[in-house]
There are 2 protein chains.
Amino acid sequence: MPHVSHRGAIMPDSPIRKLVPYANLAKSRGIKVYHLNIGQPDLPTPQLALDAIRNIDRTVLEYSPSDGIASLREKLALYYRKFRIDVGPEDIIVTTGGSEAVTFAFMACLDPGDEIIVPEPAYANYTAFAISAGAVIRSIPSTIETGFALPPVEDFEKLITDRTKGIMICNPNNPTGYLYTQDEMDKIRDLVKKYDLFLFSDEVYREFCYTGAPYISAFHLEGIENNVILVDSVSKRYSECGIRVGALVVKNREVHDNVMKFCQARLSPPLIGQIAAEASLDVDGDYMLSNYNEYLRRRNFLIDGLNRIPGVFSPIPMGAFYTVARLPVEDADHFCKWLLSDFEYEKQTVFMAPASGFYTSPGLGRNEVRIAYVLKKEDLAASLKILEEALKVYPHRTI
Amino acid sequence: MPHVSHRGAIMPDSPIRKLVPYANLAKSRGIKVYHLNIGQPDLPTPQLALDAIRNIDRTVLEYSPSDGIASLREKLALYYRKFRIDVGPEDIIVTTGGSEAVTFAFMACLDPGDEIIVPEPAYANYTAFAISAGAVIRSIPSTIETGFALPPVEDFEKLITDRTKGIMICNPNNPTGYLYTQDEMDKIRDLVKKYDLFLFSDEVYREFCYTGAPYISAFHLEGIENNVILVDSVSKRYSECGIRVGALVVKNREVHDNVMKFCQARLSPPLIGQIAAEASLDVDGDYMLSNYNEYLRRRNFLIDGLNRIPGVFSPIPMGAFYTVARLPVEDADHFCKWLLSDFEYEKQTVFMAPASGFYTSPGLGRNEVRIAYVLKKEDLAASLKILEEALKVYPHRTI
């Protein structure tokens, strides 16, 4: 039999999904599993989006343009303007989810062996997309003790080689919920300028900033407009992850045209998803505010509850809907699996993502988990209770 | 400014889409453009699929499983069984169109520098997907004189090196409409066995075989079940290209699990498309037969008409809905562009895909075009008339 590719072999299993078989086994034993592992909100998709789908009056579901439906790109440009992101429809390429935007950004900008610097913990699939492109992620650890603030600039500079092509950030951050400050973003800008790097900026959680601190887009940074590749998605803000509609926003025409080659090869992003996304952009402020308030309540409830469990610590995430929490265990991978395969509390258990998969530096995050607060308060309450009871009886508890 | 990637720079423009700006300019001048360039059928999407979309009763459009909705995979397995392709739902991975299936097959099986042998002319985007994976396409020309039959086995063997990892075929073929015979498929099987290669087999046009000759799937070939990676899509057979639902079918578990890593990284294929695709699999025989007969009529009409135009020659395609025709011009790239930018006949023109983009051997296909017979007979008639008139006045006509 011919061998599979090396790149596939070295690609780590998704920390979010690798325990899914254990969760399924637990469910098959009649156990209710609370999914805190994946950023799949339970909040309703906007009625406008559902109506747009139900009212589709086409007889042929045909290819859309490779860069997306023009009217969707126009509406996205107006949407970005509300955040002082000054781009036009011609700077926007609609993608099949944010995932494809990251993949195509890497494919169009990075050659095999090229390096990008990524503060970690980081969204795990960046690694997968980098491996697909043959690029190398050089990671800089941020720590739970500082609430996952940006590591010092010197740490970045130490990693810069002649193969360094870019920096990738996620702001507000998945998995930590950290929101970069103006000072931190200015430091990133200075690095990008000094070393002439690409800045890949994943900003899909911009609607969810809870502390009053401003959201700073990479496109707000002066003097690097041609270095920025912004990654976006409608998935999280409109609770429509399944429609697979994202965007890559870039003012650099050379990058734009390079990305378009990959877009043309895959023909087009999903048509019906684009119709739903375009309708979603018309949601009124009430929908966004109600979701925002709901996440804020959940965040406060979850973080408070976590920090009340003996031995557990979570910083207060400033944005997005995740937190990385430290548990009194040696090996969170084992603990998360044990929760699904060996534990139950009143016929229930929780599914969390071990944080180790969000680090590439070996050994980091071993006692941390990522928790998504995408479930309603009662479910979070039940999850906290289950976690507390589990830690009481887990055989490998450390403190 | 940092440089874009080499892989992006070497990726050829899509021969199907690169002239789109010229077509748009023609339209802006009030000229009606007949689109023969792209395999976008004008036939209606099944009512069942449209109804399934209109009747969606979900309140949250959430991620689907990374390998696709289980009930869709089950129905696909039943569908394949009708073609004596003996696979189960566990062998099927739902992808975002056939495009993603090819991409992930290459990513999971090929490392940078690995080679695959592809008879040409070939679907142009295979090159783009191979470049994405860093793989190298070694092409073997088939010729219009033999109706694009499989080149001799010796031609394949001449290209085999220690980096050869696979053969890629498209059957029935896009762009030529050729349908491989049992003898040809047996020869491919023997090569695959002898050199232990992967056989990537794109079979998205299986419903459209017009000559009574049997459709032979790569999975019909005995003894290489573990080498075959079948690429499929619902786009063409149900006229729903825009929903972006395809499939990768593989019995080799190592390949399956490697592909799944790429699937997990991109989270899931489009949810609504999957719902539409699943409904489409319930279409009755009348829908398929009526479309089949329509394409058959169009094929007969188009090929007959082409061969009546002085200097034009088209073999009779046996399947799919394309033909590669030879024109009395030196440079079909120039001619196709000229048709859009400099010619009109009664305020109309035609958009064809220059065939050069379907070859990687330099200089081949220069006087050929790919024509998709996806338009109704009257439009094909108008297109034939326009082509005939254009060739009368084209300044660089050869014969």
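The structure presented is a predicted model; accordingly, all values stated were derived computationally and were not measured.

The rules behind these values
Residues numbered from 1 in each chain as written. Chains lettered and ligands numbered in written order. Predicted model: local features only at pLDDT ≥ 70, side-chain atom pairs only at ≥ 80, totals over all residues. Heavy atoms only, no water. Core = buried A, V, L, I, M, F, W, Y, C linked by side-chain atoms within 4.5 Å. Buried < 20%, exposed > 50% of the residue type's maximum accessible area, 1.4 Å probe, protein only. Contact = heavy atoms within 4.5 Å. Pairing = 2+ DSSP bridges. Helix = DSSP H or I, 4+ residues; strand = E, 2+ residues; numbered from the N terminus. Axes fitted to C-alpha atoms, helices over the stretch in contact; angles between N-to-C directions. Domains from an automatic or database assignment. Buried area = accessible area lost by both parts, 1.4 Å probe. Salt bridge = Lys/Arg side-chain N within 4 Å of Asp/Glu carboxyl O. Polar contact = N/O pair within 3.5 Å; in protein donor to acceptor, adjacent residues only side chain to side chain. 1 Å grid on protein atoms, 1.4 Å probe; cavity = no way out; pocket = protein on both sides within 12 Å on 5 of 7 lines; lining within 4 Å. Points joined across faces, edges and corners; volume = space filled by probe spheres on them. Nonpolar A, V, L, I, M, F, W, Y, C, P; charged D, E, K, R; others polar.

## A closer look at the nonpolar core
- Among the nonpolar cores identified, the biggest contains 134 residues, and Tyr80(A), Ile167(A), Leu199(A), Tyr80(B), Ile167(B) and Leu199(B) are the most heavily contacted of them.
- Ignoring sequence-local partners within four residues, the contact set of Tyr80(A) consists of Ile85(A), Val87(A), Ile92(A), Arg206(A), Asp232(A), Ala247(A) and Val249(A).
- Phe198(A), Ile93(B), Ala105(B) and Phe129(B) belong to the second-largest nonpolar core, a separate cluster that totals 92 residues.

## Structural notes on the sheet that holds strand 3 (residues 115-120) of chain B
All names here are of chain B.
- If you walk across this open sheet you meet the seven strands as 2-8-7-6-5-3-4, and the pairing is mixed. Where the open sheet ends on each side, the last strands, each with one partner, are strand 2 (92-95) and strand 4 (136-141). Across the sheet, the axes of successive neighbouring strands diverge by a mean angle of 20°, strand direction being ignored.
- The pairing of strand 3 with strand 4 spans six bridges and is classified as parallel. Note that in strand 4 the partner of Val118 across the bridge is Ser139.
- Each of strand 2, strand 7 (228-233) and strand 8 (246-250) is contacted by helix 4 (residues 70-82), which is oriented at about 115° to strand 2, the strand it contacts most.
- Contacting strand 2, strand 6 (198-202), strand 7 and strand 8, helix 9 (residues 253-265) runs over the sheet at an angle of about 25° to strand 2.

## Some words on unusual backbone geometry
- Between Asn171(A) and the following residue, Pro172(A), the backbone shows a cis peptide bond with an omega angle of -5°.
- Tracing the backbone through its elements, the reader meets Pro172(A) in the loop between strand 5 (164-170) and helix 8 (182-195).
- In this model, Asn174(B) is joined to Pro175(B) through a cis peptide bond whose omega is 20°.
- Looking at the secondary structure, you find Pro175(B) in the loop between strand 5 (164-170) and helix 8 (182-195).

## Re the domain arrangement of chain A
Residues and elements named next belong to chain A.
- On domain assignment, one finds that chain A holds domain 1 (6-44 + 286-393) and domain 2 (47-280).
- Distance from the C-alpha centre of domain 1 to the C-alpha centre of domain 2: 25 Å.
- Between domain 1 and domain 2, the contact holds 39 residues from the first and 35 residues from the second.
- Summed over both sides, the interface of domain 1 with domain 2 buries roughly 3200 Å², with 64% coming from carbon and sulfur.
- For the pair domain 1 and domain 2, the interface holds one salt bridge.

## Observations regarding the interface of chain A and chain B
- Between chain A and chain B, the residue contacts involve 79 residues of the former and 79 residues of the latter.
- The contact between chain A and chain B buries some 6300 Å² in all, and 55% of this surface belongs to carbon and sulfur atoms.
- A per-residue breakdown of the area chain A buries against chain B is headed by Arg17(A), Leu61(A) and Tyr63(A), which together make up 12% of the total.
- Along the contact surface separating chain A from chain B lie zero salt bridges.
- Connecting chain A to chain B are 46 residue pairs in polar contact (both at pLDDT 80 or more).

## Quick look at empty space enclosed by the protein
- What the rule picks out here adds up to 12 cavities of 30 Å³ or more.
- Every residue lining the largest cavity is counted, 29 residues in all, and those nearest its centre are Glu100(A), Phe104(A), Glu100(B), Thr103(B) and Phe104(B).
- Residue assignment for the lining of the largest cavity shows that the elements contributing at least two residues are helix 5 (97-109), helix 6 (125-133) and helix 9 (253-265) of chain A together with helix 5 (97-109), helix 6 (125-133) and helix 9 of chain B.
- In terms of residue class, the lining of the largest cavity is made up of 13 nonpolar, 10 polar and six charged.

## Overview of the environment of Val255(A)
- Mapped onto the secondary structure, Val255(A) falls in helix 9.
- The buried category is assigned to Val255(A), whose relative accessible area is 1%.
- Expressed as a C-alpha distance, the spacing of Val255(A) and Leu72(A), which sit 183 residues apart in the sequence, is 21 Å.
- Excluding anything up to four places from it in sequence, Val255(A) contacts Cys109(A), Phe198(A), Ile229(A), Val250(A) and Val4(B).

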